[in-house]
Amino acid sequence: MNHLTRNDHFQAQALGPLTALEAKSAWPIAPDLTPREREVLRWLATGKTDADIAAMLGISARTVQKHLEHMYVKLGVETRTAAVMRTLGTWGPNL
């Protein structure tokens, strides 16, 4: 089931892929993530599903899942929510 709205498509086109500079400055807590992993994480943070992210990025849902698996290891987390929270720094300085 595709949950993408017309606005999602416009937003995806407007945002486009992250540049290397944007990726580094936007997510300073996660410097080891690839630009594509950061892009997946950016959409994850907006509440998009794997299928939604895949459709917007033109990749398969399985590829999105693999990006998530790699991010979890790099960020030291086990869930989607934890990945977003870790990256946004909402766990505080004692992480």
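Above this note sits the structure.
Summary of the structure given here. (Residues numbered from 1 in each chain as written. Predicted model: local features only at pLDDT ≥ 70, side-chain atom pairs only at ≥ 80, totals over all residues. Heavy atoms only, no water.)

1. Thoughts on the overall build of the protein chain
We count it as follows: Think of it this way: any DSSP run of H or I at least four residues long counts as a helix, any run of E at least two long counts as a strand, and we number them from the N terminus. Working rule for contacts: check all heavy atoms of both residues, and any pair within 4.5 Å makes them a contact. Only the protein chains shown count as cover for residues, and the accessible areas themselves come from Shrake-Rupley with a 1.4 Å probe.
Summing up its helical and strand segments, the protein chain has six helices and zero strands in all. Along the protein chain, helices (α) and strands (β) appear in the sequence α-α-α-α-α-α when read from the amino end. Here the contacts in the protein chain between residues at least 6 apart in sequence split such that 47% fall between residues at least 24 apart. Roughly 5,700 Å² of accessible area belongs to the protein chain as shown, and the carbon and sulfur atoms make up 58% of that amount.

2. Side note on helix α5 (residues 61-75)
Put simply, the test is: Expected span, for any helix, means 1.5 Å times one less than how many residues it has.
In this model, α5 (15 residues) spans 21 Å end to end at C-alpha, consistent with the 21 Å of a helix rising 1.5 Å per residue. On its buried face, α5 is in contact with α3 (35-44), α4 (50-57) and α6 (80-88). Residue Gly76 follows α5 closely and has a positive phi angle near 70°.

3. Topic: the pattern of salt bridges
Note the cut-off: Throughout this description, the term salt bridge denotes a Lys or Arg side-chain nitrogen within 4 Å of a carboxyl oxygen of Asp or Glu.
The final tally for this structure, using the stated rule, is five salt bridges. A salt bridge links Glu69 to Lys66; its shortest N-O distance comes to 3.0 Å. In this pair, Glu69 and Lys66 both sit in helix α5, three residues apart, roughly one turn of the helix. One continuous salt-bridge network, built from bridges that share partners, spans Arg62, Lys66 and Glu69.

4. Brief notes about the packing of α4 against α5
Under the convention used in this document: As a rule, the C-alpha atoms of each element are fitted with a line to give its axis, helices using only the stretch in contact, and angles between N-to-C directions run from 0 to 180 degrees. Our angle categories are set so that under 35 degrees counts as roughly parallel, over 145 as roughly antiparallel, 65 to 115 as roughly perpendicular, and the remainder as oblique. Just so you know the grouping, Ala, Val, Leu, Ile, Met, Phe, Trp, Tyr, Cys and Pro go in nonpolar, Asp, Glu, Lys and Arg go in charged, and all remaining residues, Gly too, go in polar.
Across the interface, α4 lies against α5 with an axial gap of 8 Å and an inter-helix angle of 110°. As judged from the angle between their axes, α4 and α5 are roughly perpendicular. Only Ala61, Val64, Gln65 and Leu68 of α5 make contact with α4, whose side of the interface consists of Asp50, Ala51, Ile53 and Ala54. When grouped by side-chain class, the residues that make up the contact of α4 with α5 number six nonpolar, one polar and one charged.

5. Observations concerning the packing of α3 against α5
At a closest axis distance of 10 Å, the pairing of α3 and α5 adopts a crossing angle of 95°. On the basis of their axis angle, the class for α3 and α5 is roughly perpendicular. Each of Arg36, Glu37, Val40, Leu41 and Leu44 in α3 lies in contact with α5, whose residues at this interface are Val64, His67, Leu68, His70, Met71 and Lys74. Class assignment for the residues of the contact of α3 with α5 results in six nonpolar, two polar and three charged.

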